[in-house]
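# Observations on chain architecture
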Amino acid sequence: MLTRLSQSESNFLVEQLLTWFRTTKRDLPWRQTYDPYHVWISEIMLQQTQMERGVAYFLRWIERFPSVGEVACASEDDILVYWEGLGYYARARNLHRAAQEIVGKYSGKVPADYETLLNLPGIGPYTAAAVASIAGNQDVVVVDANVNRMFARIFDIDEPVKDRGVQKQVHQLASELLPRGKARIFNQALMDFGGLVCTPKAPHCKSCRVQRLCSAYQRGTVSFRPVLKSARKVVLLTRVVAVILCEGKVFMQKRESSAVWGGLWEFPGGETLTGNSSGDELDLVAEVNYDTALRVIKENFLVEVQHQYTHHKVSLLSFVCRLQDEDRQQPTLKSAASFAWVTPLEMDALPCPSGVRKIIKYMKKQRPEMFTANYAA
Ligand code: SF4
């Protein structure tokens, strides 16, 4: 059952948060000017990404794409290379499309109005609220995981915080607290306080300035809040891929944009649930032939790397392969958008899933001889 705050407690809570933010706020690059373009990029990047890592990606991005115009006219590969490692690549492709729309419709100026933002590709209610309030100081609330956690504790919410009904309640509570005309600092204060003080593990309750009105603290239920739904089970996968060599170049294919890792480049191969079959049992030659129509010979094991995405853990096994007849066969792609034979240098300019990038790094560092035209495995 949700507890309520009196008006004076609500005022105290807001005051404390705003004062705390003014004196303790994190020094983040997009907070220097609150440029809507910078705020937009930071918000998209920080979804599912830790702050420190997000800042590093943000700075690199802004150096390469200082304005929306540069994003709009970049190639999709270029965009994805600068996104590589952040995951959820649909975000980057949508950002690219949105930038093109912003250039076409709004002369390259990112709108800072909630309703206008909502109409852009890849911008949902959360991002629209974040950009509108942080860049435009528009009176809308932003509820992220930090805010959910903090509210679940302050109001001692004993139902799963992600339930639709609870989400509505949290939005309502945040809207009631929002001091008009101060959405920029209020929303950031909430998010930062949740991230730095009311942390997921070991929150700093002893020194917390809102402790006296925190119901979970008063009732001793902090460690039970927020109530979470049970986590998704981790799925273990084994993927076997072919590094096909021909005259010092390697065959790579680009994934369809509708697929997971859409638009990213990879080596052809197949996967299976780990435990159902080991990687060795997968018929790599047949998989490659099915996917690309290339006839290859599997020569030797190259390297095994691990990578993780959403709730999947993947063991990626790679094998050096060669074309059956040394001539260049013409591939026919079954499930990829395009292909290329690439040199090590060209690989750097192609966006890849992190597991594939690990294999590329291994080859370049440990097996550079593979890229010589007359290499024999
Ligand atoms: S008292 Fe503890 S649980 Fe409550 S808001 Fe402060 S840090 Fe969070």
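Heads up: the structure comes first, above all this text.
Here goes a summary of the coordinates provided. If you're wondering where the values come from, they're calculated on a predicted model, not measured in any experiment. (Residues numbered from 1 in each chain as written. Predicted model: local features only at pLDDT ≥ 70, side-chain atom pairs only at ≥ 80, totals over all residues.)

## Some points on the site of the ligand
Keep this limit in mind: Nearness is defined per residue: the C-beta atom, placed using the backbone, must lie within 6 Å of the molecule or strand. Helix and strand labels come from DSSP, where a helix needs a run of H or I of at least four residues and a strand needs a run of E of at least two; each type is numbered from the N terminus.
Around the ligand, a shell composed of 15 residues is seen, among which Cys198, Pro203, Cys205, Cys208 and Cys214 lie nearest. Elements represented by at least two residues in the shell around the ligand include exactly helix 9 (145-154) and helix 12 (215-219). No other element matches helix 9, which puts three residues into the shell around the ligand.

## A word on the packing of helix 9 against helix 11 (residues 183-196)
As a reminder, the rule being used: Between the N-to-C directions of two axes lies an angle of 0 to 180 degrees, each axis being a line fitted to C-alpha atoms and, for a helix, fitted only over the stretch in contact. Any angle that falls under 35 degrees is termed roughly parallel, while one over 145 is termed roughly antiparallel, one within 65 to 115 roughly perpendicular, and all others oblique. By definition, residues are in contact whenever their C-beta atoms, placed on the basis of the backbone, come within 7 Å of each other.
Closest axis-to-axis distance for the helix 9/helix 11 pair is 8 Å, and the angle between their directions is 75 degrees. Taken together, the axis directions place helix 9 and helix 11 in an arrangement best described as roughly perpendicular. Of helix 11, the residues touching helix 9 (which contributes Asn146, Val147, Arg149 and Met150) are Leu190, Met191, Phe193, Gly194 and Gly195.

## Some words on unusual backbone geometry
Excluding glycine, residues mostly carry a negative phi; peptide bonds, for their part, are mostly trans. Cut-off, in case you're wondering: Here a residue counts as buried when 20 or more other C-beta atoms sit within 10 Å of its C-beta, as exposed when there are 12 or fewer, and as partly exposed otherwise, the C-beta atoms being derived from the backbone.
A cis amide bond links Arg225 to the next residue, Pro226, at an omega of 0 degrees. Among the structural elements, Pro226 can be located in the loop between helix 12 and strand 1 (235-246). The phi torsion at Tyr34 lies on the positive side, around 55 degrees, for a residue other than glycine. As for its position among the elements, Tyr34 is in the loop between helix 1 (7-24) and helix 2 (36-46). Taking the number of C-beta atoms within 10 Å as the measure of exposure, Tyr34 has 16 and is therefore partly exposed. Positive phi, close to 65 degrees, is recorded for Gln48, a residue that is not glycine. The class for Gln48 is exposed, based on 12 C-beta atoms found within 10 Å.

## What to know about helix 11
As a reminder, the rule being used: To estimate the expected span of a helix, subtract one from its residue number and multiply by 1.5 Å.
Taking 1.5 Å of rise per residue, the 14 residues of helix 11 would be expected to cover 20 Å, and the 19 Å separating its terminal C-alpha atoms lies within 8% of that figure. In terms of residue burial, helix 11 counts as a mostly covered element, since 10 of its 14 residues are buried. Those residues of helix 11 that fall on the buried side of the exposure criterion are Ala183, Phe186, Asn187, Gln188, Ala189, Leu190, Met191, Asp192, Phe193 and Gly194. Elements that come into contact with the buried residues of helix 11 comprise helix 1, helix 8 (125-134) and helix 9.

Limitation: the analysis is restricted to geometry and does not speak to function.
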